[in-house]
Amino acid sequence: MKDTMYGIVKPAPEPGAVIREDLPIPEVGPRDILVKVRATAICGTDQHILAWTEYAQKRVPTPMVFGHEFSGDVVKIGDAVTEVQVGDVVAGETHIPCNHCHMCETDNRHICENMKIIGVHVPGSFAEYISFPVDCAYKLPKDFSYEHGAVLEPMGVAVHGVDAAQVAGKTVVIYGCGPIGMMAVGAAKAWDAKQVIAIDVVQRKLEAAKDMGADAIINGKETDVVAEVMKLTGYGADIVIDYTGNLGAIKTAFSLIHKGGRIVMVGLPNGTMEIDPTEDIIYKEATVVGVTGRLMYKTWEQCAELINSGKFNIGAAISGVYPLRDYQKAFDAIHEGAPGKMVLIP
């Protein structure tokens, strides 16, 4: 193995990134594995890091290799690693648990009290190699492509939200049709939702949601969302799952469910909002659920089962595949409204 690698680096606390050709191959600790990255997808977090928004400024030290959705080949393991072997193909769980806090000890590692995030707090996957704790390695089935493996992590966010919503036999509104919302549409249909209504403000994304199985689509820029949902359902939705984090959308969600309905919040709002808990929650006997990340590793198994079932079109959730060195073209495609995931190949 050579001594250096190339990768995408956020070099300084300012907008932009650079390709570095002289990065050292990461070290491997006793419980770490070294993976040769074969595919890595772009996340909204990576867009924040590239643009150097307030979110990134508060979290990311520089210089930093970013990126955290990936799959690849195990090429080296630490002395205390027994879960995987050299030659295994794995995908990476983004959240690094401490394994010592109350949440970790009660099988809730995905909400670890001391969590670190790959590509945010520690070096990420936009490079030829990545080293990370074996706790974050999910061994892929033999028939998985690297590209599909790289999008399992964001698919897990979608599936965790749909799982929490309990969609079977229900009318479900999916708010937001970015890559994760698209995959949520597919998961809801595969898990026997009676009706799936997708809402967004970008028509291209809504058409992609139809490809994933949405029964109806609503363009929030062109249509009265509440009136249209009432027209489609007759009395309101059983469930709304929000993947936008948009404060206006979340507030509207409380008007879309009928009494006894459920709201699942997945998207991260940038700020606070006012709601009327008496009318929106208490008198409605509404259930409001917060969801983050993926259950380690129930959600991953659910994702693999969905893809292998033939009921979930993972290919429709990938809009483009680019060489890693062409990362800027992939980011530009996202900014131009590409609906699905962009995958980079080192």
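Criteria and cut-off values
Residues numbered from 1 in each chain as written. Predicted model: local features only at pLDDT ≥ 70, side-chain atom pairs only at ≥ 80, totals over all residues. Heavy atoms only, no water. Pairing = 2+ DSSP bridges. Helix = DSSP H or I, 4+ residues; strand = E, 2+ residues; numbered from the N terminus. Axes fitted to C-alpha atoms, helices over the stretch in contact; angles between N-to-C directions. Core = buried A, V, L, I, M, F, W, Y, C linked by side-chain atoms within 4.5 Å. Buried < 20%, exposed > 50% of the residue type's maximum accessible area, 1.4 Å probe, protein only. Lys, Arg positive; Asp, Glu negative; His and termini not counted. Salt bridge = Lys/Arg side-chain N within 4 Å of Asp/Glu carboxyl O. Polar contact = N/O pair within 3.5 Å; in protein donor to acceptor, adjacent residues only side chain to side chain. Contact = heavy atoms within 4.5 Å. Expected span 1.5 Å × (residues − 1). Phe/Tyr/Trp six-rings, centres within 6.5 Å; stacked < 30°, edge-to-face > 60°. Right-handed = clockwise from strand over helix to strand, strands pointing away. Arc of directions from axis to C-beta.

**Focus on the sheet that holds strand β16 (residues 287-290)**
Read across the sheet, 6 strands follow the order β13-β12-β11-β14-β15-β16 without closing on themselves; strand pairing throughout is parallel. Sheet topology places β13 (216-219) and β16 at the edges, where each strand pairs with a single neighbour. Averaged over all pairs of adjacent strands, the angle between strand axes in this sheet comes to 15°, irrespective of strand direction. By the bridge criterion, 4 bridges tie strand β11 (residues 171-175) to strand β14 (residues 237-242) in an arrangement that is parallel.

**Quick look at unusual backbone geometry**
With the exception of glycine, most residues fall at negative phi, and the peptide bonds are largely trans. In the segment running from Thr62 into Pro63, the intervening peptide bond is cis, with an omega of 0°. A cis geometry characterises the amide bond from Met296 onward to Tyr297, with omega recorded as 10°. Mapped onto the elements, Tyr297 comes out in the loop between β16 and α11 (298-309). Unlike most non-glycine residues, Asp107 shows phi in positive territory, near 60°. Structurally, Asp107 is set in the loop between α3 (102-105) and β8 (116-117).

**Section: the nonpolar core**
Ile33, Phe132, Leu152, Met155, Ile241 and Phe312 are the most contacted members of the largest nonpolar core, which totals 69 residues. Core analysis: the next-biggest nonpolar cluster, separate from the first, contains 31 residues, Tyr6, Ile25, Phe66 and Val120 among them.

**Details of the side chain of Asp200**
Of note, Asp200 is situated in strand β12 (residues 195-200). One buried charged residue, Asp200, remains without a salt bridge, the closest side chain of opposite sign being Lys205 at 5.2 Å. Only 2.7 Å separates the side chain of Asp200 from the backbone nitrogen of Cys177, close enough to count as a polar contact. Within polar-contact distance, the side chain of Asp200 engages the backbone nitrogen of Val202 at 3.0 Å. Every residue in contact with Asp200, bar those within four places of it in the chain, is listed here: Gly176, Cys177, Gly178, Lys205, Leu206, Ile218, Asn219 and Gly220.

**Quick look at helix α6 (residues 179-190)**
Across its 12 residues, α6 extends 17 Å between first and last C-alpha, which sits within 8% of the 16 Å expected from 1.5 Å per residue. Across the 12 residues that make up α6, a large majority, 9, are buried. For α6, the set of buried residues is Gly181, Met182, Met183, Ala184, Val185, Gly186, Ala187, Ala188 and Ala190. Next to the buried residues of α6 lie α5 (152-165), β11, β12, α7 (203-211) and α11.

**A short note on the packing of aromatic side chains**
Going through the model one piece at a time under the given rule, you end up with 6 aromatic pairs. Residues Tyr138 and Tyr297 carry aromatic rings whose centres are separated by 6.1 Å and whose planes lie at 15° to one another, so their mutual orientation is stacked. Of this pair, Tyr138 sits in strand β10 (residues 137-139) while Tyr297 sits in the loop between β16 and α11, and the two are 159 residues apart along the sequence. Between the aromatic rings of Tyr297 and Trp300, the centroid separation amounts to 6.0 Å while the plane-to-plane angle is 50°, which identifies the pairing as tilted.

**With respect to the pairing of strand β17 (residues 318-323)**
Pairing geometry for β17 and strand β18 (residues 341-345), over 5 bridges, is parallel. Within β18, the residue paired with Tyr322 across the bridge is Leu344. Handedness of the crossover joining β17 and β18 through helix α12 (residues 327-335) is recorded here as right-handed.

**What to know about α7**
Structural remark: α-helix, 3.6 residues per turn; residues separated by three or four positions point the same way. Of all the residues in α7, the buried ones are Lys205, Leu206, Ala208 and Ala209. For α7, the angular spread of buried residues about the axis comes to 160°, placing them on one side. Those residues of α7 that are buried lie in contact with α6, β12 and β13. Positive backbone phi, at 120°, marks Gly213, one or two positions downstream of α7.

**Remarks on the sheet that holds strand β4 (residues 64-65)**
One open sheet accounts for 3 strands, arranged β2-β1-β4; its pairing is antiparallel. Since the sheet does not close on itself, it has two edges, and those belong to β2 (18-24) and β4, each with one partner. Across 5 bridges, the pairing between strand β1 (residues 4-10) and β2 is antiparallel. Paired with Gly7 across the bridge in β2 is Arg20.

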